[in-house]
Amino acid sequence: MKPPRLPVPGKAGLIQRAGHYRTIGRGLLVCVTIALATTFIADHYGGPTLLYALLLGMSLHFLSEEGRCQAGIEFAARSVLRLGVALLGARMTFEQVGALGIGPVLMVVATVACVILAGAVMARMLGLSRELGLLTGGAVGICGASAALALSAVMPRDANTERNTILTVVGVTTLSTLAMVIYPLIAGGLSLANPQAGIFLGATIHDVAQVVGAGYMISEQTGDTSTLVKLVRVAMLVPAVMAFIWLFRASRQVQGGATRVPMLPGFLVGFVVLVVINSLGLIPEAVSEGMSTLSRGCLVTAIAALGIKTSFQKLAVVGWKPVILMVLETLLLLGLVLGVVVLAGLGT
């Protein structure tokens, strides 16, 4: 007599999980398609990839209100975003930071802190929320759209969270593109030496891609220096995220209603671990470049998802105050860095 056939363990769970992945896949595929299309456009015709992805995503806002794509869009806006931020750690090493010397590092730390704090103060003066001021200040001071996405991931979520993130991404991306064109002219007008110009560009332009473009527009030495300074600013993302976690700890609620200090985010741990591993020389250059490319792809995909979740109508009611806020933060950063580079002779 044959023994009775036992059911396959976990078969129902596997079927349920497959259905969940299929649900996520629809919306995620839309976001990835937008990311690929906008990357192709930016590579062949120029312009900021993140801004293209954001605007194209916003044109497909109706998908966020349609059930079949909602889960995938949400997955891209959160999980894919965190993966992209974590992979940024593969870009830098402690040796790169040490090669700059203590002066530029101290300047970066001081200017980032000043811009974030000033952002909160100026936001209140303009009648905006403190949260928006901190978010825009962090994006302007650290690394543009990437910082905006990382910081918003640990901030309390409310009805305005995604709108504020979109506003910040649009603002810093636009300002960074303008800075890429204007700041090299300022460096030339002030007759800054190549190392000085590199420090100036790396410490003031918001996004990494624009820093690289502006730096190598002047010279190879300027491009190398500006990239290193920019990576130091990217590293400031770690203490900034930790500070935001502590600052907003009382605003984050558990299901039972009791407050708690949130655990260290996994994407932040991944960022630090990758920096350490890369510093030890355990990541081959080809792998590091691949991880950097994957990071960029994840961030573009996440931006597309955030764009889909936001409508032009919601942005229109905000007005010009957030734009004025980001312009003021950008000018403050510009003034602080120029004062140190020119008056203190940093980089000479």
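Residues numbered from 1 in each chain as written. Predicted model: local features only at pLDDT ≥ 70, side-chain atom pairs only at ≥ 80, totals over all residues. Heavy atoms only, no water.

**Thoughts on the overall build of the protein chain**
Alright, step 1. If you tally the helices and strands in the protein chain, you get 16 helices and zero strands.
Alright, step 2. Within the protein chain, buried positions represent 47% of all 348 residues.
Alright, step 3. Long-range pairs, those at least 24 residues apart, make up 80% of the contacts in the protein chain with a sequence separation of at least 6.
Alright, step 4. For the protein chain, the computed accessible surface area is about 16,600 Å², with 67% contributed by carbon and sulfur atoms. (Helix = DSSP H or I, 4+ residues; strand = E, 2+ residues; numbered from the N terminus. Buried < 20%, exposed > 50% of the residue type's maximum accessible area, 1.4 Å probe, protein only. Contact = heavy atoms within 4.5 Å. Areas by Shrake-Rupley, 256 points an atom, 1.4 Å probe, with all protein chains shown as cover.)

**Some words on a nonpolar patch on the surface**
Alright, step 1. Together, W320, V323, I324, V327, L328 and L331 make up an exposed nonpolar region whose accessible area comes to about 560 Å².
Alright, step 2. When you line up the elements, L328 lands in helix α16 (residues 321-343). (Patch = residues over 30% accessible without salt bridge, like charges linked within 9 Å, V, L, I, M, F, W, Y side chains within 5 Å. Salt bridge = Lys/Arg side-chain N within 4 Å of Asp/Glu carboxyl O.)

**A short note on the environment of L60**
Alright, step 1. Here L60 lies in the loop between α2 (49-59) and α3 (67-87).
Alright, step 2. Beyond its immediate chain neighbours, meaning those up to four positions away, L60 contacts I34 and I308.

**With respect to the environment of A123**
Alright, step 1. Residue position: A123 is located in helix α5 (residues 102-125).
Alright, step 2. Along the backbone, A123 and P322 are 199 residues apart, and their C-alpha atoms lie at a distance of 8.0 Å.
Alright, step 3. Non-local contacts of A123, meaning those with residues more than four positions away in its chain, are made with L128, S129, G133 and L325.

**Thoughts on the packing of helix α11 (residues 220-235) against helix α12 (residues 237-247)**
Alright, step 1. At a closest axis distance of 4 Å, the pairing of α11 and α12 adopts a crossing angle of 20°. Regarding the angle of α11 to α12, the classification is roughly parallel. Of the residues in α12, those in contact with R233, V234 and A235 of α11 are L237, V238 and P239.
Alright, step 2. Looking at side-chain class alone, the contact of α11 with α12 contains five nonpolar, no polar and one charged residues. (Axes fitted to C-alpha atoms, helices over the stretch in contact; angles between N-to-C directions. Parallel < 35°, antiparallel > 145°, perpendicular 65-115°, else oblique. Nonpolar A, V, L, I, M, F, W, Y, C, P; charged D, E, K, R; others polar.)

**Remarks on the environment of T293**
Alright, step 1. Residue placement: T293 occurs in helix α14 (residues 285-308).
Alright, step 2. The sequence separation of T293 and L87 amounts to 206 residues, and the corresponding C-alpha distance is 9.1 Å.

**Quick word on helix α8 (residues 161-189)**
Alright, step 1. In a regular helix each residue adds 1.5 Å, so 29 residues correspond to 42 Å; α8 covers 40 Å between its end C-alpha atoms and thus fits that length.
Alright, step 2. Count one or two residues on from α8 and you reach S191, which has phi positive near 55°. (Expected span 1.5 Å × (residues − 1).)

**Section: the nonpolar core**
Across soluble globular proteins, you tend to see nonpolar side chains buried next to one another.
Alright, step 1. Counting residues in hydrophobic clusters, the biggest one holds 88 residues, and the most contacted among them are M107, I142, F200, V241, F244 and F267.
Alright, step 2. Element by element, the count of residues in this core is highest for α14, at nine residues.
Alright, step 3. In contact with F267, other than residues within four places in its own chain, are R82, V85, A86, A150, A153, V154 and V241.
Alright, step 4. Within the second largest apolar cluster, six residues are counted, among which are A118, M122, A123 and L325. (Core = buried A, V, L, I, M, F, W, Y, C linked by side-chain atoms within 4.5 Å.)

**Describing the packing of aromatic side chains**
Alright, step 1. Under the definition given, this model contains two aromatic pairs.
Alright, step 2. Their ring planes at 65° and their centres at 5.9 Å tell us that F244 and F248 sit as a pair that is edge-to-face.
Alright, step 3. Here F244 falls in the buried class, since its relative accessible area comes to 3%. (Phe/Tyr/Trp six-rings, centres within 6.5 Å; stacked < 30°, edge-to-face > 60°.)

**Re α16**
Alright, step 1. Taking 1.5 Å per residue as the helical rise, α16 with its 23 residues ought to reach 33 Å, and the 32 Å between its terminal C-alpha atoms agrees with that figure.
Alright, step 2. Those residues of α16 lying buried are P322, L325, M326, E329, T330, L333, L334, V337, L338 and V341.
Alright, step 3. Here the buried face of α16 lies against α5, α6 (130-141), α8, α9 (194-204) and α11.

**A look at the confidence of the model for the protein chain**
Alright, step 1. Looking at the protein chain as a whole, its pLDDT mean stands at 82, while 86% of the residues score no less than 70.
Alright, step 2. Confidence drops under a pLDDT of 50 for residues 254-263, and excluding neighbours within four residues, the segment shows 11 contacts in the predicted structure. (pLDDT = per-residue confidence, 0-100.)

**A short note on the packing of α5 against α6**
Alright, step 1. Two elements in contact, α5 and α6, have axes whose closest approach is 7 Å; the angle formed by their N-to-C orientations is 150°. When the axes of α5 and α6 are compared, the pair comes out roughly antiparallel. Crossing angle aside, the handedness with which α5 passes α6 is right-handed. On α6, the residues that touch V112, V115, I116, G119, A120, A123 and R124 of α5 are R130, G133, L134, G137, G138, V140 and G141.
Alright, step 2. Tallied by class, residues from the contact of α5 with α6 come to seven nonpolar, five polar and two charged. (Left-handed = near helix turned anticlockwise from the far one by under 90°.)

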